[in-house]
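Chain by chain, the residues:
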Amino acid sequence: MEFWGLKVPPNTSVLIDVEDEAEILHITQVAFGEKPLASERSVVQISVGDSEKFVVGTLQRGTCDQFPVDLVLDTKSAVSHTGTTPIYMVGWWQRAGGMDDDDVEFEDSDEDDETAEEKKPSGLPVKPKSATVKKEAPVAVKKEAPVQKEAPVA
């Protein structure tokens, strides 16, 4: 894993280019800089590939100066915001197989190389480039009666 950070100036769309197919980018935090304006409000947006812009969240000084996200990018994307001061995004790079080379551990074995090759971790599958949203009927949730605690025996 390797740290990643990005400063997004106001009125600018910043391109995030994931050039290496063997890497994916995890964005984990979005925040105002050191001195946002007193009434600063910024809607943070992202477009992945050639998609439309999607709102990731809204920063508002004094109410929400930062927020966590869990964005995983494996293709060219663009980030922008509606504020008048810069915002910052941080995260980390990871190998697309799910594990960095340093994270892979193997057990010592006397088995032949072919069997050892079969036991190597294959990593996690890379998410598909697009997803289909399936609408489902709402599920009714029943409220259970509260559990009564017994009084302690003296």
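That block above? That's the structure.
Scope of this entry: the structure provided in the associated data block. (Residues numbered from 1 in each chain as written. Predicted model: local features only at pLDDT ≥ 70, side-chain atom pairs only at ≥ 80, totals over all residues. Heavy atoms only, no water.)

**Re the environment of Pro10**
Mapped onto the secondary structure, Pro10 falls in the loop between β1 (2–8) and β2 (14–16). Note on Pro10: relative accessible area 23%, which makes it partly exposed. Each C-alpha atom, one on Pro10 and one on His81, is 6.6 Å from the other, the two residues being 71 residues apart in sequence. (Helix = DSSP H or I, 4+ residues; strand = E, 2+ residues; numbered from the N terminus. Buried < 20%, exposed > 50% of the residue type's maximum accessible area, 1.4 Å probe, protein only.)

**What to know about the sheet that holds β1**
Pairing within the open sheet is antiparallel, and its 4 strands lie in the order β1-β8-β3-β6. Looking at strand neighbours, the two that pair on one side only are β1 and β6 (66–73), the edges of this open sheet. In this sheet, neighbouring strand axes are inclined to one another by 20 degrees on average, regardless of whether the strands run parallel or antiparallel. Strand direction decides the pairing type here: strand β3 (residues 23–32) and β6, joined by 6 bridges, are antiparallel. Each residue of the ladder has a partner; that of Leu25, found in β6, is Leu73. (Pairing = 2+ DSSP bridges. Axes fitted to C-alpha atoms, helices over the stretch in contact; angles between N-to-C directions.)

**Brief notes about the nonpolar core**
If you look at the biggest cluster of nonpolar residues, it comprises 21 residues, and the most contacted ones within it are Trp4, Ile16, Ile27, Val30 and Met89. Breaking this core down by element, the ones donating at least two residues are β1, β2, β3, β4 (41–48), β6 and β8 (87–95). (Core = buried A, V, L, I, M, F, W, Y, C linked by side-chain atoms within 4.5 Å.)

**Observations concerning the pairing of β3**
Counted residue by residue, β3 has 7 buried out of 10 residues, so it is predominantly covered. Sheet topology places β3 next to β8; 9 bridges connect them, and they run antiparallel. Bridge pairing in β8 links Glu23 to Arg95.

Structural measurements only, silent on function.
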